[in-house]
Amino acid sequence: MAVKLTVDAGSTLPEIERNVSERVAPLAQWTSPFLAAIGFPNRIEQVGSTKHEHLEDTLTAHKATVNAAATSSATSIVLNTGHGARFNRAGMVIQMDGSDELMSLDSVPGADTLTVTRAILGSTGEAVLASATARILFTPPVESESSFTPFSQNRTQVNNWLQIFRSKASVTEDEASVTKIGIPNELRYQESQRIKELLREIAYATFRGRAHATTPQGSASIARTMNGIIPLILTGSDPSTHNAADGVLTQNMIDTVLNDMHSKGGKPDVIVVNQAQKLKLNNLMEGRVRFGVEDNVLGCVVDEYQSPVGGLLKVLPADEFCPVDMLLIASMALIQPVMLGKADPARGQRMDGPFIIKPIGDTGLAAEELIYTRYSCEFRNAGNGGHGIVRNLSTA
């Protein structure tokens, strides 16, 4: 049996212990549920530049929202502003949700009013309601057709800069030499603490980071910073958002954003919220839960959300890095974390997850290590329906 001797070093210094026989389990790397869901650090992609660029296709929208009611025989259907561009091929077969009628697009609209032929293929004309969803079913060609206008997607080049996240671990020779209670190696312990702090910074940047408006690449006096998913959504050309105006979270708010995302061709599959909004989301479902006679805990925790406008979404555990007044709806297939560089063992460097640990020499009786990574993220289609936000929610 190992003998242990503890020396009290006072209130400001750790206790010193000798002859410790057991090994202390390493500190688990700590992160946010959203970071883990997007694949950080296990699915992180190595890139070769501080400016990460990717090609992005616009999403393929297959439905639109009707702006004004129409009779069962009206041949003009008015859509919401900007939705007419989704109908770019004559002959498209269209159907309103909740209706059996089929109609055909006569010509490509110049704006947001469709000219259609009603009650085709043996269907019966029905009144069209304002706010109805108009779906593009298919565009059937005739066998003798010689040419047609293909559906095209605009492709753009999008970039996000890789931000430097760095810290430093430093211990004196005395600190490194003595063994403290529960800490077999002081330098490794300091590394783990600094990594935990860096993970917190990375999580905040992933949600809320903003690139510099005029010098995103950085300079001698300006730090290079990345864009997070929330600013990219809010500054997008056609974002899927809903302003709650300090209202309490409701199912209708969530479904409004989901419907807009789906109408633009998005495929959302994850909901992310802070603890405050997670409780509100749980409360939405609480009255719909059945309890057995032996249950002794009243309440529910929502980990899946079934939307009437399409799809089953996973609700991540509460993420403290998500803004407290927002609910984020994301598509994991459209997110890719990236990093630059690997450790060079020939220079004494090593990797700890996505972080490079680089010795920066001994200064007198102190040992120091630099801990850093260069990280960013692709958030494809953030500003045009790939991801969405319910914002300005009540936090009371």
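Attention here is on the structure that accompanies the text. (Residues numbered from 1 in each chain as written. Predicted model: local features only at pLDDT ≥ 70, side-chain atom pairs only at ≥ 80, totals over all residues. Heavy atoms only, no water.)

### A closer look at helix 3 (residues 186-208)
Which entries qualify depends on this criterion: By definition, any uninterrupted DSSP run of H or I lasting at least four residues is a helix, any uninterrupted run of E lasting at least two residues is a strand, and each is numbered from the N terminus. A helix's residues, less one, multiplied by 1.5 Å, set its expected span. Between N or O atoms, a polar contact is any pair within 3.5 Å; within protein, one atom must be a potential hydrogen donor and the other a potential acceptor, and residues adjacent in sequence are included only when both atoms are from side chains.
Here helix 3 is 23 residues long and its end C-alpha atoms lie 33 Å apart, about the 33 Å a rise of 1.5 Å per residue gives. With a side-chain oxygen lying 3.1 Å from the backbone nitrogen of Leu-187, the N-terminal cap of helix 3 falls on Asn-185.

### Things to note about the side chain of Asn-227
Using the following cut-off: We call two residues contacting when some pair of their heavy atoms lies within 4.5 Å.
Mapped onto the elements of the fold, Asn-227 is located in the loop between helix 3 and helix 4 (229-234). Only 3.0 Å separates the side chain of Asn-227 from the backbone nitrogen of Ala-211, close enough to count as a polar contact. Setting aside its immediate chain neighbours within four residues, Asn-227 contacts Asn-160, Ala-205, Gly-209, Arg-210, Ala-211, Leu-232 and Phe-379.

### Structural notes on the sheet that holds strand 7 (residues 93-96)
Applicable threshold: Two strands are said to pair when DSSP picks up at least two bridges between them. What counts as an axis is a line fitted to C-alpha atoms, over the stretch in contact for a helix, and the angles between N-to-C directions run from 0 to 180 degrees.
A sheet is described by the order of its strands in space; here 6 strands give the open sequence 5-10-7-8-9-6, paired in antiparallel fashion. Where the open sheet ends on each side, the last strands, each with one partner, are strand 5 (63-65) and strand 6 (76-78). Taken over all neighbouring pairs, the strand axes of this sheet differ in orientation by 40 degrees on average, direction set aside. Sheet topology note: the strand 7/strand 10 (residues 133-138) ladder contains 4 bridges and is antiparallel. From the neighbouring strand, Val-93 faces strand 10, where its bridge partner is Phe-138.

### Brief notes about the pattern of salt bridges
Our working definition: Salt bridge, as used here, is a side-chain nitrogen of Lys or Arg placed within 4 Å of a carboxyl oxygen of Asp or Glu. Under the scheme applied here, a residue whose accessible area is under 20% of the maximum for its type counts as buried, over 50% as exposed, and between as partly exposed, the area being computed with a 1.4 Å probe on protein chains only.
In this structure the tally under the stated criterion is 13 salt bridges. As a salt-bridge pair, Arg-118 and Glu-101 come within 2.7 Å of each other at their nearest N and O atoms. Residue Arg-118 is found in the loop between strand 9 (113-117) and strand 10, and its partner Glu-101 is found in the loop between strand 7 and strand 8 (103-105); the two are separated by 17 residues along the sequence. Each member of the pair, Arg-118 together with Glu-101, is buried. Here Lys-168 ties to Glu-368 by a salt bridge, and the two come within 3.6 Å at their closest N and O atoms. A residue pair is termed long-range when its members are at least 10 positions apart, and Lys-168 in strand 12 (residues 163-172) and Glu-368 in strand 21 (residues 366-379) qualify at 200 residues. Given the relative accessible area of 43%, Lys-168 is considered partly exposed. What emerges from the salt-bridge pattern is a single network uniting Arg-188, Glu-191, Arg-350 and Glu-369.

### Regarding the environment of Asp-174
For Asp-174, the location among the structural elements is in helix 2 (residues 173-177). C-alpha separation for the pair Asp-174 and Leu-365, spaced 191 residues apart in sequence, amounts to 8.0 Å.

### Focus: the packing of aromatic side chains
Which entries qualify depends on this criterion: Two aromatic rings from Phe, Tyr or Trp, using only the six-membered ring of Trp, form a pair when their centres are within 6.5 Å; if the ring planes differ by under 30 degrees the pair is stacked, by over 60 it is edge-to-face, and anything between is tilted.
Applying the stated rule across the entire model yields 4 aromatic pairs. Ring geometry for Phe-34 and Phe-207: centres 4.9 Å apart, planes at 35 degrees, overall tilted. Taken together, the residues Phe-34 in helix 1 (residues 33-37) and Phe-207 in helix 3 connect sequence positions 173 residues apart. Their ring planes at 80 degrees and their centres at 5.4 Å tell us that Phe-40 and Tyr-375 sit as a pair that is edge-to-face. With a gap of 335 residues between them, Phe-40 in the loop between helix 1 and strand 3 (45-47) and Tyr-375 in strand 21 connect regions that are remote in the sequence. Judged on exposure class, the residue Phe-40 and its partner Tyr-375 are both buried.

### Examining the nonpolar core
As a reminder of what qualifies: We define the nonpolar core as a collection of buried residues of types Ala, Val, Leu, Ile, Met, Phe, Trp, Tyr and Cys that are connected through side-chain atoms lying within 4.5 Å of one another.
Membership of the largest hydrophobic core comes to 40 residues, with the highest contact counts inside it found for Phe-34, Ile-38, Ile-335 and Tyr-375. A total of 8 residues in this core trace back to one element, the largest contributor, which is helix 3. Ala-244, Met-253, Val-302 and Leu-327 belong to the second-largest nonpolar core, a separate cluster that totals 19 residues.

Read these as layout, nothing more, since geometry by itself doesn't imply function.
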